[in-house]
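# Examination of the molecular architecture
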Amino acid sequence: MIPLCIPEIRGNEWKYIKECLDTNWVSSVGSYVDKFEKDFADYLNCKFSVVTMNGTSSLELALRTLGIGEGDEVIVSSMTFISPVNTIRYVGAEPVFVDVCRDSFVMDVTKIEELITSKTKAIMPVHIYGHAVEMDLLKEIAKRYNLYVIEDATEALGSEYKGEKLGTIGDIGCFSFNGNKLITTGAGGMMVTNNEDYGHRAKYLSTQTKTVLENGAFYHEEIGFNYRMPNVLAAMGVAQLEMVPEFVEIKRRNAKFYNELFEKVKGIKPVIEREGTINCYWLYSILVEDEFGASRDQVIKVLKERGVQARPFFMPVHDMPPYKECRHGDMSITNEISLKGINLPSSVSITENEILTVFQAIKEISLKR
Ligand SMILES: *Cc1c(COP(=O)(O)O)cnc(C)c1O
């Protein structure tokens, strides 16, 4: 079987985790928690980072840190994993859905402005599959309407936009270390920001708003949350983070190889890398166009028979029962590409031969018709 995207664990993970177990520092306080936060901020070249239990909690923490809640609207993509949309509801706000671009699958920034009302408080760009949202224009709109920008960079660790790492361009950025992401801690997340107030407030909120008094007692000024990551997992995170530059390089090389192969197949549209951006190619993706002759789902079925795990693009969230009534703009591209897109095997450990197997299976479908 050629899996879609599995973890790559061949660095210092055992060593660092063993140190936690040997020293009894296993829970939510410890040197690796601090080190993971510091190393992560250093890697991204940003000022503050707060570890969390998972990517979803980092997004929720971002919204809470900015005080977004009841009566507020947040503009977000519909072609996304549902997590960022759910977090908008967790805090009592309403998602408003915007369409995506056909070539890079990310939020179409030119369609944002028409959706803004007096209730709009934030834009949540999702850098899907490692592609960068057009951040210059997005920030210009955000500035004009006085909106916060929360980047969902959970799929884009290592990606860049005009020399800056994704996740560090908006007010707050969020990352995930779930098992299928570029790096993993089993489960985990990170919220990053260059704003000192947001950084401190996020840490405070995520640690039960705990203030330790002089006599050692805990005092809580407001309602807090326990979104902390344990030291054992942070140790794994530190080890995984050391591998990021290498992982990104490998993923980019594999994506280039896929692209060269697919360029010659009629009806298969490979992904692009927009000018001024660096894509980590978290999941390599193609569109199965009408002229290919077989449908996207037929392609996935044949791949499965060949032992190749592929996944259809995310279904539009605005069609899911909890969000059917939400406001949205024209969704034509979202609706179209969610029916045409496929994520292909993208593990760091995938070999050139395995990529060739995936390619040949798809090419044969096109020859058969
Ligand atoms: C993975 C992912 C998340 C959430 O991460 P978890 O760690 O699974 O909570 C959020 N947004 C997007 C776009 C994702 O792909």
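As the structure is a prediction and not an experimental result, all values here were calculated from the model. (Residues numbered from 1 in each chain as written. Predicted model: local features only at pLDDT ≥ 70, side-chain atom pairs only at ≥ 80, totals over all residues. Heavy atoms only, no water.)

## Digging into the domain arrangement of the chain
Each assigned domain of the chain is listed here: domain 1 (13-241) and domain 2 (244-367). Just the C-alpha atoms count here: the centres of domain 1 and domain 2 sit 26 Å apart. Taken together, the contact pairs 45 residues of domain 1 with 44 residues of domain 2. Carbon and sulfur atoms supply 58% of the area that domain 1 and domain 2 bury against each other, a total of about 3,900 Å² over both sides. Contact with domain 2 buries area across many residues of domain 1, yet R102, Y129 and L182 alone supply 22% of it, more than any other trio. Run the count over domain 1 and domain 2 and you get five salt bridges. Residue E73 pairs with R327 through a salt bridge whose shortest N-O separation is 2.7 Å. (Domains from an automatic or database assignment. Contact = heavy atoms within 4.5 Å. Buried area = accessible area lost by both parts, 1.4 Å probe. Salt bridge = Lys/Arg side-chain N within 4 Å of Asp/Glu carboxyl O.)

## Describing the site of the ligand
Residues in close proximity to the ligand total 16 residues, the closest being T56, D152, E155, S176 and K181. Here a nitrogen atom of the ligand and a side-chain polar atom of D152 are 2.7 Å apart. In this structure, E155 approaches the ligand through a side-chain N or O atom, which is 2.4 Å from an oxygen atom. In the complex, 91% of the free accessible area of the ligand, which totals 380 Å², lies under the protein chains. Elements with a minimum of two residues in the shell around the ligand: α3 (55-65) and α4 (83-90). If you tally residues by element for the shell around the ligand, the top one is α3, at three residues. Of the residues in the shell around the ligand, the class split is four nonpolar, nine polar and three charged. (Near = heavy atom within 4 Å. Polar contact = N/O pair within 3.5 Å; in protein donor to acceptor, adjacent residues only side chain to side chain. Areas by Shrake-Rupley, 256 points an atom, 1.4 Å probe, with all protein chains shown as cover. Helix = DSSP H or I, 4+ residues; strand = E, 2+ residues; numbered from the N terminus. Nonpolar A, V, L, I, M, F, W, Y, C, P; charged D, E, K, R; others polar.)

## What about the UniProt feature "modified residue: N6-(pyridoxal phosphate)lysine" (unreviewed entry) in the chain?
Using the residue numbers shown here, the UniProt feature "modified residue: N6-(pyridoxal phosphate)lysine" (unreviewed entry) corresponds to K181. In this fold, K181 is placed in the loop between β8 (172-176) and β9 (189-193). If sequence neighbours within four positions are ignored, K181 has contacts with T154, E155, S176 and W282. (UniProt positions renumbered as here; feature names shortened; annotations may be inferred.)

## Regarding the sheet that holds strand β14 (residues 284-288)
On the basis of which strands lie adjacent, the open sheet formed by four strands has the order β12-β14-β16-β15 and antiparallel pairing. Each edge of the open sheet is held by one strand with a lone partner, namely β12 (268-270) and β15 (311-312). The pairing of β12 with β14 spans three bridges and is classified as antiparallel. Directly across from P270, in β14, lies its bridge partner I286. (Pairing = 2+ DSSP bridges.)

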